[in-house]
Amino acid sequence: MNVPSTEQSRRTVLKMTVAGALAGTVPSTSLAQEGDWTETDVPTESGLASAANSLFGPVAVGDGGTLISRTIAGWETLLETGPTTESNPLNDAAVTDDGEHVWFAGGSGVIGQYDIVEHELTDYSAPGVEEEDGSINEMTSTWEALDVAGDAGEEQVVLANGSGEVLAGEKTAEGGMDWGTVVEPGSGTTITGVSLYEVGSGFVCDTEGAVYETKDGGESWTEIGIYADDTALQDVSAVAGDDATTVGESGSVFEYNGVGWEEIDVGEEAVLAVFRDGQEGLAAGGSGFVYERTEEDDWEQLETPAESDLRGVTLNDTDQEFPDVAVGAGPTAIERGEYVALPQSITLSNDVSATIEYRIEIEGEAEAVDADADVEDGTVTGALEGGDTHEFAFDGRIVDFEVTQGPLPQLTVEVNGVEVTPLRLADLSWRAADSPVGSVLGGVAATSAPIAVGEGGVVLRREDDTWFAIEDDGPTGNSSALLDAAATDDGEAGWIAGSSGVIARYDVEADEFEDYSAPMEMTSTWEAVAVGGDADEERLVFANGSGEVLSGRYDGETVEWGEAVKPGGGSSVGGAAFLDESTVYVTDTNSMVYRSDDGGERWESIGVDGASVALYDVAASAEDDVSATGGDGSVFRYNGAVWTKNDAGEESLFGIDRDLDYGIAVGGSGSALTRRLYRWEEDETPTDATLQDVVFTDDFLEIAVGEDGTILERDRD
């Protein structure tokens, strides 16, 4: 459980959230609630184990891997099956000091981090710890407790398991975790609670009634009590090194003053959870009991409507008006106080002289902070003159965003202080385009006049909103199936790959093909092609079903081929993409992603560890932002250090394209997913045909192609 390092609320020393900015002040104490406890509905059937306060309100975790968040509209689901999507129970949750990262841990070594601002999940499960002999041991035992200290991106995490082991780690600049060594503070008894009162310092408690303190980041621990043989401690919460509270099964609360412990008998029911914030505190336990710390440093029992055991509790330690929360079996969630804050913000800035008119649809409440705009029933409409900035506070979800007049590319949008591509807020619609063929289309490329390729050697070209065939029996004259296409960075040329070793270059302006098939007599099926650089300076990568990757350079007249290499063990390579002229990625059906920094001559594996699913395509917008699609409907994201699995849909995903922080993936049964503000979300499409590939064009058009000659289009402006 995370707690502040001083009596002042830990949120008050952070950047003000929007509701605080509206008032123009930052409270000096937390807004602890008064009044009766009430039971609230939760969107899960799993029992809940822990609660914490994020920047935008309370969150809770529990059995089945569920993570839920309290909003102004009630509790909503953020994760249904945990970071590994395998439904391992989550036993504890904590947040960074700025409330932006929610950390949780549980069964089978599961560890996850959820970015509450950008709504992104990162999986740190089964951390690898170096043993004395230099081997790496992946820790897959059940994590019983954790806590976090420090701001998002610089946090320290301390975890404890049922074997009495403690593991501390620190976030790296690349977004990974630098884990320390495993330490056993006591005799191996289950550690049930962790509390850091500042980075590097804190307490743990165990079921033998012992409390241990660290002041060196978890490298060493000193026993400081309680020396009670009959007390199985369940949780600990510390404000400072001389101010901590722990609770136990004996119905007792123990207060520590830096010298000794005072036992306070609060009843016969086990006390299972405790949360301290300055002088305030809440505890919860068996049969729905809640206990509150009084001004006299005593504890009193409060009446609640709950009857089930309460396993987690948190009081409002923020500068917003959020409810106090306790959660437990059942599932059970009870609250005291109301959620009336509008903690989220959206800011629009016009960077040009032209007027930009806009409309925002919000599923929730909204109000203007600094804007001359209309806000009615969650719909925001306004106009930005050149140099203007409009800001709104809201709670809920942005479900649509539209620029109704003016240049969309010149509009800067920030949500909760993070700049986002406006397309991640928009509700765009797919439409079916007239296709001149009925055969499978396997690839599409964003040449200046987009092209699509498919079975029988068909090549289609799009002009004036119309698709027509420029080849119907193959650019090389052998009618081999064409499986993929890619464009140069300037869109002036496209490269085509397919069966029987077919490779061809298409000059868009000249409307002509050049045949480069069977390089070095390689006649196997090319499954994927990637191109980097402008026309006449192309870097090329072709990959086949035998796991071979062939690189090449085109100088305007000929191709200089490199040597074919196998980055992996020979599994079929199905996806390839350049990030820049040198950096290129490929994926294979053995769950692997490989990166080359020299245009495809040498390769290194960058994951995906534990994916256990075929990967069909890859796209990159930065070295720390790479996405790959899986055969189980997942989108995997690489942050430069670790991969995260997003359980996006149920259909296999065969194609993906990325543009900055925006993205689209397509797959079986006409499925299409868009990377929106809150996560990858499924779109409605007018087809049930399997979609094989998707691409963005420079003129704000999105194109997906697939079976039965299907072509879908969507405008981005």
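The residue count restarts for each chain, going from 1 along the sequence in the order it is written. A pLDDT threshold of at least 70 governs which residues receive local features in this predicted model, and a stricter bar of 80 or more applies before side-chain atom pairs are shown or counted, although totals over entire chains, interfaces and linings include all residues. Processing note: side-chain calculations cover all non-hydrogen atoms of the structure and skip hydrogens and water entirely.

A. Quick look at the overall build of the protein chain. In this text, helices come from DSSP runs of H or I with a minimum length of four residues, and strands from runs of E with a minimum of two, each type numbered from the N-terminal end. Counting its regular elements, the protein chain contains 1 helix and 65 strands. Just to be clear, the radius of gyration here is over C-alpha atoms, and the globule rule we use is 2.2 Å times residues to the power 0.38. Whereas a compact globule of 717 residues would reach a radius of gyration of roughly 27 Å, the protein chain reaches 28 Å, a difference of no more than 12%. Viewed in the frame of its principal axes, the protein chain has a C-alpha envelope of about 90 × 65 × 40 Å. Counting the 717 residues in the protein chain, one finds 59% classified as buried. Buried, partly exposed and exposed residues are distinguished by accessible area as a fraction of the type maximum, computed with a 1.4 Å probe on protein chains only: under 20%, between the cut-offs, and over 50%, respectively.

B. View of the pairing of strand 18 (residues 210-214). Of all 5 residues making up strand 18, 5 are buried, and the element is well covered by its neighbours. The pairing of strand 17 (residues 201-206) with strand 18 spans 4 bridges and is antiparallel. Looking at the pairing, Cys205 lines up with Val211 of strand 18. By definition, two strands form a pair when at least two bridges between them are found by DSSP. In this structure, the hairpin formed by strand 17 and strand 18 is closed by a connection of 3 residues, where Gly209 is found at a positive phi of approximately 85°. Two elements, strand 18 and strand 19 (residues 222-226), share 4 bridges in a ladder whose sense is antiparallel. The partner of Tyr212 across the bridge, within strand 19, is Glu223.

C. Structural detail: the pairing of strand 39 (residues 441-445). Within strand 39, 5 of the 5 residues are buried, which leaves it mostly tucked inside the rest of the structure. Pairing analysis gives 4 bridges linking strand 39 to strand 40 (residues 451-454), with the strands arranged antiparallel. Directly across from Val444, in strand 40, lies its bridge partner Ala452. The turn linking strand 39 back onto strand 40 is made up of 5 residues.

D. Expanded view of the pattern of salt bridges. Here, a salt bridge means any side-chain nitrogen of Lys or Arg that lies within 4 Å of a carboxyl oxygen of Asp or Glu. Tallying each qualifying case throughout the model produces 36 salt bridges. Glu361 is the salt-bridge partner of Arg359, the closest N and O atoms lying 3.1 Å from each other. On the accessibility criterion, Glu361 (22% relative accessible area) is partly exposed. In this structure, Glu702 and Arg714 form a salt bridge, with 2.7 Å as the shortest nitrogen-oxygen distance. With Glu702 in strand 64 (residues 701-706) and Arg714 in strand 65 (residues 711-715), this residue pair connects regions lying 12 residues apart in the sequence. Because the salt bridges share partners, they merge into one network encompassing Arg397, Asp659, Arg676, Glu681, Asp683, Glu702, Arg714 and Arg716.

E. Expanded view of unusual backbone geometry. The peptide bond linking Gly225 to Ile226 adopts the cis configuration, its omega dihedral lying at 10°. The topology assignment puts Ile226 in strand 19. With omega at 10°, the peptide bond leading from Gly330 into Pro331 counts as cis. Along the chain, Pro331 turns up in the loop between strand 29 (324-328) and strand 30 (332-336).

F. Structural detail: the sheet that holds strand 24 (residues 271-277). One open sheet holds the 4 strands; their spatial order is 24-25-26-27, and the pairing between them is antiparallel. A strand with exactly one partner marks an edge of an open sheet, and here the two such strands are strand 24 and strand 27 (299-302). Looking at each pair of strands side by side, their axes are set apart by 20° on average, direction ignored. Pairing of strand 25 (residues 280-285) with strand 26 (residues 290-293), which is carried by 3 bridges, proceeds in the antiparallel orientation. In the sheet register, Leu282 faces strand 26, and the bridge partner there is Glu292. Angles shown run from 0 to 180 degrees and are taken between the N-to-C directions of axes, each axis being a line fitted to C-alpha atoms and, for helices, limited to the stretch in contact.

G. Structural view of the environment of Asp717. Along the chain, Asp717 falls in the segment after strand 65. Excluding residues within four positions of it along the chain, Asp717 makes contact with Leu408 and Phe700. Contact definition: two residues touch when any of their heavy atoms are within 4.5 Å.

H. The sheet that holds strand 19, seen in detail. Here we have 4 strands laid out as an open sheet, ordered 16-17-18-19, and antiparallel in their pairing. Strands at the two margins of the open sheet, each flanked by one partner only, are strand 16 (191-198) and strand 19. For this sheet, the mean angle separating the axes of adjacent strands, direction not counted, is 25°.

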